[in-house]
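Here is what each chain is made of, one letter per residue.
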Protein chains: 2
Amino acid sequence: MATSLLLNPNPKFFPTNHNRLFVPRRNPSISTVRCSLGSRNPRPEYIPNRIPDPNYVRIFDTTLRDGEQSPGATMTSSEKLVIARQLSRLGVDIIEAGFPASSQDDLEAVRLIAREVGNGPANGDGSVHVPVICGLARCNERDIEAAWEGVRCARLPRIHTFIATSEIHMQYKLRKSREEVVRIARENVAFARRLGCVDIEFSPEDAGRSDPEFLYLILEEVIKAGATTVNIPDTVGYTLPKEFGKLIADIKANTRGIDNVIISTHCQNDLGNASANTVAGADAGARQLEVTVNGIGERAGNASLEEVVLAIETRGKDILGGLYTGINTKHIMMSSKMVAEYTGLHVQPHKAIVGANAFAHESGIHQDGMLKHKGTYEIISPEDIGLTRSNESGIVLGKLSGRHALRSQLLELGYDINGKDLDDVFRRFKEVAEKKKRVSDDDLEALITDQIFQPQVIWSLGDLQVTCGTLGLSTATVKLIGTDGGEHVECSVGTGPVDAAYKAIDRIVKVPVTLLEYSMSAVTEGIDAISTTRVVIRGDDVLESTHAQTGRNVNRTYSGTGAGMDIVVSSVRAYVSALNKMLGFRRNVPTEKTAAETSQGSA
Amino acid sequence: MATSLLLNPNPKFFPTNHNRLFVPRRNPSISTVRCSLGSRNPRPEYIPNRIPDPNYVRIFDTTLRDGEQSPGATMTSSEKLVIARQLSRLGVDIIEAGFPASSQDDLEAVRLIAREVGNGPANGDGSVHVPVICGLARCNERDIEAAWEGVRCARLPRIHTFIATSEIHMQYKLRKSREEVVRIARENVAFARRLGCVDIEFSPEDAGRSDPEFLYLILEEVIKAGATTVNIPDTVGYTLPKEFGKLIADIKANTRGIDNVIISTHCQNDLGNASANTVAGADAGARQLEVTVNGIGERAGNASLEEVVLAIETRGKDILGGLYTGINTKHIMMSSKMVAEYTGLHVQPHKAIVGANAFAHESGIHQDGMLKHKGTYEIISPEDIGLTRSNESGIVLGKLSGRHALRSQLLELGYDINGKDLDDVFRRFKEVAEKKKRVSDDDLEALITDQIFQPQVIWSLGDLQVTCGTLGLSTATVKLIGTDGGEHVECSVGTGPVDAAYKAIDRIVKVPVTLLEYSMSAVTEGIDAISTTRVVIRGDDVLESTHAQTGRNVNRTYSGTGAGMDIVVSSVRAYVSALNKMLGFRRNVPTEKTAAETSQGSA
C-alpha cells in the first residue's frame, strides 16, 4: 500500500509517487503562473532575521503543529508529509512541522518532512521554493534537542521555543517569577544557538495579556541571546484588531534590538477576530504571520491562511501600503480540501474563501448570465483560489472508460499513480461506473482518498452483509482480513446496521475503543452519489503524547475515513481505517515523558 | 401534528405549546438571571431614533432574512416562528423577520412573527422584552407596502428599505444616476412614513465601496424624509476593521442630521472580517449591529451574533469604552443549535464561541483538575453561553422510565409537550430505550426535532426493509402513508441502501427532485447513538421567490432532517421531511413577480 512508499526514505520515489498535485491541475500553465502580486514581486532571498523587501510578509503555517493539536485531528507521518508537500507548493515560507518532544511519532514526522520537503524543490513545476522547516520546543534543553534533531537535516532549519509571560500564566502554570522566566528564555535561546541552529524563533506565550513593559524586556534579552524572529501570540484570542495592532507597534517602537529581527503574529480565534488581528499586526509592522489552513487549531482555532492571504492579496495595495505574500493562491482550494480530509475537521458552508457557499450566490434556473458585472457581488474570483467545477474539462468517465482514460483523468486531477495502486483504484472505479453513468472528479477524489491515502493496513474489509429497517433486528456479518491474510468472520445484531457492523468488527479486532464522532456526507449531487464517512475514535488503553502548552499527557484521538456508494459499507471502511491508524501508532518513548516532567517542563 | 398548532392563530396556544425553552433549562433561576452586564445595565426604553443610554448597543438579528437566503436554508413559517421566539428570549432588540415581497410564504411568516412575537411577552420567564419586528423592502412602493403589511400588527413595527449607492452597483445593476438614486430613496422613505410607519431603516447597499461624499448626501436626504436608523452595509465583505471603523466615524462626523438617528452596521464575511468590522463599527459610534446566529448568510455569511456579543461582553469595559448589549448570553448555545438544525447550516468544530471544540481543550484521562486556573486558557466560561453537559443533572432515562419521567425531563430541557405529541415522542423514546441503556438529553432533542418540529405532514414513513452490503444488490422496500391514510408500498434496487430507498419513495411520490446535499452525524458518543440525517433537495418544477439584492427569481431549495438509530431509517425520514417541506410551499402569487419586474425593482 501507499504508506510504505510514502515512508520510504529513498528520495527518487518522491517526485513521482503519490504526490498529490505533483502534476499541474487541469491547465498546464496554472502551476507556473504565480498569483498576480506574487508574480510582480518575486519572493526575496531567505535571511533568517531580515527581509530584503520591506513589503514582503512571510507566511508561517502551523497546520501540522497547532492545527494537529485539535481534538480528533491526529495525522499519520505519511499524511503530514503529503500536507507538507502541498504547503510547499502553496508557497508557505515556514512550515511548523510538529512538536518533536511530544512523542516519538511527532519527532519522526518532523524529521521526515525536514528531509524531504525541507530539501526541495520537489514541487515538480519548475519552481525552486524551499520552505523553512520549524520544530516547536518548550524552553528546556530536552525539548530543544528534540526539535533540533527533527529539523536539522532541512536546508533551512528553525527552532521555535516559547515560555509564558502573562501574570496569570507565570503565576498559575509556571509558578515562576519574571526574573526566572527571562533567565530561562535567554539560556534556552542561547542553547539552541550553541546546537548550531542559526534561525531561532521565540514566543512569549499569552503576550496578548502580558505586561507590555515586560515583553520589551524579555524580547530584548532573547534577541541578544540569538533569536532571529520574535512571535507575539494572542494565546487566548482575547484582543481586538486595534489593540493587537497597537501591541505590535508598541513592541516595534520600544524593544531594543527589534529592528534586527522579524516580528511575527500568532492569533487564536476565541472571539472570532484571529484573521483581522493578524492583518492588523502586519499593518503595524509584523512581517511573519502564523496561520493554519482552514483556521483549524485548538478551541476556536487560529487565523486562517486563506483569509489572511486573500485580505492581503485583495487589499494589500490600497489599504495596507503595498504588503504582499509569496503564496500561490491557486493552490488554496486543494490545500483546504486536503487538510479537511486528513484532520476530519470540516469547514462550515459559510466559511470565508473556502466554504461550499463562499462563491455560491443562489441556486436556481435564472442564474446564468444574470449578473451584469461579476464584481457586483464578487471581490475574489473563484479561479484565483483554484476552484474549478467538476468535469468542466468536458471529459466524463463512464463504465466503458479504460485504465488509460482513468490514469489520464487522475493526472489532470494531480495524481500520478501507477502499478498496484492504479490497479486498486481502477477496480474501485469500475465498481462505481457499473452503477453510475457519469463518474465525476469528486467521485474519483473520494476513491483516491479511500484507496491510497490510508494508514498502514492492519485490518482490511473483506465482505459485509446487512439486513435492517423498521421491521426487524438489524444484523451484520463482517469478514475482515488480517495482515497475515487470515480471514475472520463475525456477525452481530445491533440497534441499526452500523451499530451491528461495528460490533461485529469489535468481536474480531478485540481492542476497546470509544466512538466519539460519526458523520457522513455525499461528495456529489444526486441520489447515486458516493458517500464519505468520517469517524473519530479514542482508544481506551493509554496512547499518550505531551501537549505543548499545558505540558500534560493526553490521550490522542484518531479519525478514519471511508468512501462507498453504500453508506453502511463506507461506515465500515471508516471504522476500520480509524482502527488501523490507532493500532499503527506506537507508545511514547520514555524520554518524552521525562521531559514533560522537568521543572520547567510546563513552559 | 405540531405544525397545525404552531400555525394556529389563537394566541392562547402559544405561551404553552411547542415553545422551546419556554420553561427554564435545568436551573429554574437561569432564565430570570440576565448575563452580568445586562443585569447591571437594564435595557433602555425603545425610541426608534434615539437610545437614552449612549453606551447601549442594539442587536438587530437578520437570521430569518439574510440568513434564510443561504442556499438550502429555506425555513417554514412554523420554524421561523420558533426561531423568532428564541431570538426574543435571547434579548435581540430588532428581529428582521423576512422580505415580504419575495413570496406569499415570506409575507405570511413575517405577519405571523409580528403578531405573536412582536406582541410579547411570551417568554414565560417574567421578562417583558418586546422586540421590534422588521421587514425588508427594496425602494419601491409595492415592496414597502408588502413589508408594512407584514409588520404592522407588531407593537414595534419597522420597515427596512435599501438601494445601492456604489458606482459599480448603480452602473451595472440599477443603471441609474446618483440623482435618480437619491430621489428614489427619499421618496420611498417618505412613502413608508405616509403608510404610518414611524420606525424606518434605510441602507445604502454596498456602502463599503461607495463614495463617502455621496453617502453623506443620500443619508442626509433620507434622514430628512423620515429615516430613524441608517445602516451601513459592507455588502461584499471588502473592508478591514480600521477602514470600516473610519467609514462609520466619517459618516458620523460629516452627515447633517446624523445625531438624530441611529447608525447601524451590516458586515458580510467574504474576507473573514465581518465580526471584527462590526465591533470596529460600534467602537466608532454605531449603536445598532446587524448580525445572524452562527454568522449564516449568503456566500461567507454575516457577522455572527455570538462573536460580536461576546466581544462586547468580554472587552466592552476595558477596550470599548463601556459598551454593552441587552443579550442574555445564556441562550446563545440553544439559539445556535436551533438555527443550525432548521437551516441545515452546520457550524465547523472550530467555530468561535459555539463550535463543538470551542471549549474543548483536549481529550484524555489527565484532564480533570489539571488546569490550575481556569483563566489560563479560557476567557469565556461555557456556562455563560448556556453550555451544559448532557445529563449533568444526574437524571438518566432508560427503558423502565415512564411517561411522567419523560415529560419531566422534557420540561427540564425546555419542551412543554402534552397530548398526542407527548404520546408520539413517548413511543419513539420507548423504541430507543429498548435498544439503549441510557437515553441522553441529546437523544431526546433529536427525537423531539424529528417528531415535533417537522413540516406539515403530507407523506409519512410506514415501514422500511433493506438488504445491502458488498455481496449483493441493495434492495429497499418502503411503505409510505398519504394524507388520506392510504398505504403505498414500492420497492427498488439501488447502488446502496439509501439510493434504493429513495428510488422506492420517488416511485410513490412521483415529484421530480434533485438531491443536492446529504449528510449525517451521530448526536451522541458511542456506537449505539441516534444519528440525524439532513438532506437538501431542489424541486425540478418551478417554485420561485424573489431575491432581495439581485431582484432575480430563484428556485428555492429545501432541507429535511430525520433521526433514528438505524442510519437508513433516519435517511429515509429526512428525505420524506424535505419532500413534505417542498410540497407544503405554495407557488408565488403573481403580484410579487410583478414587483420584481418594476423599473426600480432591482434596487
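Residues numbered from 1 in each chain as written. Chains lettered and ligands numbered in written order. Predicted model: local features only at pLDDT ≥ 70, side-chain atom pairs only at ≥ 80, totals over all residues. Heavy atoms only, no water.

Looking at an unreviewed UniProt entry, chain A carries the name 2-isopropylmalate synthase, with the source organism given as Acorus calamus. Taken verbatim from the UniProt record of chain A, the Sequence similarities (unreviewed entry) comment is "Belongs to the alpha-IPM synthase/homocitrate synthase family. LeuA type 1 subfamily." (UniProt positions renumbered as here; feature names shortened; annotations may be inferred.)

Q: What is the right way to look at the overall build of chain A in this model?
A: What chain A contains, in helices and strands, is 18 helices and 16 strands. Taking as baseline every contact in chain A between residues at least 6 positions apart, the subset at least 24 positions apart corresponds to 70%. About 19600 Å² of surface is accessible on chain A, with carbon and sulfur atoms providing 52% of the total. (Helix = DSSP H or I, 4+ residues; strand = E, 2+ residues; numbered from the N terminus. Contact = heavy atoms within 4.5 Å. Areas by Shrake-Rupley, 256 points an atom, 1.4 Å probe, with all protein chains shown as cover.)

Q: Just to check I follow, could you spell out the packing of aromatic side chains for this structure?
A: For any pair of aromatic rings, geometry is given as the distance between the ring centres together with the angle between the planes. Under the definition given, this model contains six aromatic pairs over all chains. Aromatic side chains Y56(B) and Y324(B) sit 5.3 Å apart centroid to centroid with 70 degrees between the ring planes, which places their arrangement in the edge-to-face category. Of this pair, Y56(B) sits in the loop between helix 2 (36-40) and strand 1 (58-61) while Y324(B) sits in the loop between helix 11 (305-315) and helix 12 (332-343), and the two are 268 residues apart along the sequence. When its relative accessible area of 2% is taken as the criterion, Y56(B) is described as buried. Owing to a relative accessible area of 2%, Y324(B) belongs among the buried residues under this scheme. With centroids separated by 4.0 Å and ring planes inclined at 5 degrees, the aromatic side chains of Y502(B) and Y575(B) adopt a geometry described as stacked. Taken together, the residues Y502(B) in helix 16 (residues 497-509) and Y575(B) in helix 17 (residues 567-584) connect sequence positions 73 residues apart. As far as burial versus exposure is concerned, Y502(B) and Y575(B) are alike and both buried. Sitting above the plane of the Y238(B) ring, R315(A) keeps its charged end 3.9 Å from the centroid. (Phe/Tyr/Trp six-rings, centres within 6.5 Å; stacked < 30°, edge-to-face > 60°. Buried < 20%, exposed > 50% of the residue type's maximum accessible area, 1.4 Å probe, protein only. Lys NZ or Arg CZ within 6 Å of the ring centre and 35° of its normal.)

Q: Help me out: how do you make sense of the relation of the copies chain B and chain A in this one?
A: Relating one copy of the chain to the other takes a rotation about an axis and a shift parallel to that axis. Mapping chain B onto chain A calls for a screw motion: a turn of 180 degrees about the axis and a shift of 0.1 Å along it, with 0.1 Å RMSD after fitting. Given the turn and translation reported, the copies of this chain are related as if by a two-fold rotation axis. A shared interface surface links the copies, since 100% of the contact residues of chain B are contact residues in chain A too. (Least-squares fit on C-alpha atoms with pLDDT ≥ 70 in both.)

Q: Help me understand the pairing of strand 9 (residues 460-469) of chain B in this model?
A: Successive residues of a regular strand alternate their side chains across the two faces of the sheet. As judged from the five bridges shared by strand 9 (residues 460-469) of chain A and strand 9 of chain B, these two strands associate in the antiparallel manner. Across the sheet, residue G469(A) finds its bridge partner in strand 9 of chain B, namely Q465(B). The sheet contact formed by strand 9 of chain B and strand 10 (residues 474-481) of chain B spans seven bridges and is antiparallel. Bridge pairing links D463(B) to K479(B) in strand 10 of chain B. (Pairing = 2+ DSSP bridges.)

Q: Quick question: what am I supposed to make of the interface of chain B and chain A here?
A: In many reports, interface size means the accessible area that the parts give up when they come together. Listed as interface residues are 118 residues of chain B and, on the opposing side, 118 residues of chain A. Of the roughly 10100 Å² buried between chain B and chain A on both sides combined, carbon and sulfur atoms contribute 59%. Connecting chain B to chain A are four salt bridges. Between K242(A) and D283(B) there is a salt bridge, with its nearest N and O atoms 2.6 Å apart. At the junction of chain B and chain A, the tally comes to 20 residue pairs in polar contact (both at pLDDT 80 or more). (Buried area = accessible area lost by both parts, 1.4 Å probe. Salt bridge = Lys/Arg side-chain N within 4 Å of Asp/Glu carboxyl O. Polar contact = N/O pair within 3.5 Å; in protein donor to acceptor, adjacent residues only side chain to side chain.)

Q: In this structure, what is going on with helix 5 (residues 141-151) of chain A? I would like to understand it.
A: Because each turn of an α-helix spans 3.6 residues, side chains separated by three or four positions in sequence point in the same direction. By the burial criterion, the buried members of helix 5 of chain A are D143(A), I144(A), A146(A), A147(A), W148(A), G150(A) and V151(A). The N-cap of helix 5 of chain A, judged by a side-chain oxygen 3.3 Å from the amide nitrogen of R142(A) a few residues on, is N140(A).

Q: Please clarify how the pairing of strand 5 (residues 200-205) of chain A should be interpreted in this entry.
A: All names here are of chain A. Across the six residues that make up strand 5, a large majority, six, are buried. Both strand 4 (residues 157-164) and strand 5 contribute to a ladder of six bridges, which runs parallel. Following the sheet pairing, T161 is matched in strand 5 by F202. Pairing of strand 5 with strand 6 (residues 229-234), which is carried by two bridges, proceeds in the parallel orientation. Residue pairing across strands places F202 opposite V230, the latter belonging to strand 6. Once the chain exits strand 5 it traverses helix 8 (residues 212-225) before rejoining the sheet at strand 6, and the crossover so formed is right-handed. (Right-handed = clockwise from strand over helix to strand, strands pointing away.)

Q: Mind showing me how you'd approach the sheet that holds strand 12 (residues 513-522) of chain B here?
A: Strand pairing in a sheet relies on backbone hydrogen bonds, with the paired strands running either antiparallel or parallel. If you walk across this open sheet you meet the six strands as 16(A)-13(A)-12(A)-12(B)-13(B)-16(B), and the pairing is antiparallel. Of all the strands in the sheet, the pair left with one neighbour each is strand 16 (557-564) of chain A together with strand 16 (557-564) of chain B. Taking the axes of each pair of neighbouring strands and ignoring which way they run, one obtains an average angle of 15 degrees across the sheet. The pairing of strand 12 of chain B with strand 13 (residues 531-539) of chain B spans nine bridges and is classified as antiparallel. Across the sheet, the residue bridging to L515(B) is I537(B), located in strand 13 of chain B. Here helix 15 (residues 441-451) of chain A sits on the sheet in contact with strand 13 (531-539) and strand 16 of chain A, set at roughly 130 degrees to strand 16 of chain A. (Axes fitted to C-alpha atoms, helices over the stretch in contact; angles between N-to-C directions.)

Q: It is not clear to me how the sheet that holds strand 6 of chain A should be interpreted in this structure. Could you clarify?
A: All names here are of chain A. Pairing within the closed barrel is parallel, and its eight strands lie in the order 1-2-3-4-5-6-7-8. If you compare each strand with its neighbour and ignore which way they point, the axes differ by 25 degrees on average. The strands touched by helix 5 are strand 3 (132-138) and strand 4; relative to strand 3, the strand with the most contacts, the crossing angle is about 165 degrees. Contacts from helix 8 reach strand 4, strand 5 and strand 6, with the element oriented near 160 degrees to strand 5.

Q: Can you help me understand the state of the cysteines in this one?
A: By definition, a disulfide links the sulfur atoms of two cysteines through a covalent bond. Applying the stated rule across the entire model yields zero disulfides over all chains. No disulfide involves C139(B); its sulfur sits 13 Å from the nearest other cysteine sulfur, which is in C134(B). (Disulfide = S-S within 2.5 Å.)

Q: Looking at this model, I keep getting lost on the pattern of salt bridges. Mind explaining?
A: One side chain can pair with another of opposite charge once the charged atoms of both are near each other. Here the structure, examined in full by the defined rule, presents 67 salt bridges over all chains. Note that E221(A) and K224(A) form a salt bridge whose closest N and O atoms lie 3.3 Å from each other. Residue E221(A) and its partner K224(A) are located together in helix 8, separated by three residues, close to a single helical turn. By relative accessible area, K224(A) is classed as exposed at 59%. The salt bridge involving K351(B) is made with E306(B); its shortest N-O contact spans 2.9 Å. Of the two residues, K351(B) sits in the loop between helix 12 and helix 13 (403-413) while E306(B) sits in helix 11, which places them 45 residues apart along the sequence. Taking relative accessible area as the criterion, E306(B) reaches 1% and is therefore assigned buried. Through salt bridges with shared partners, one network takes in R186(A), E220(A), E221(A), K224(A) and R256(A).

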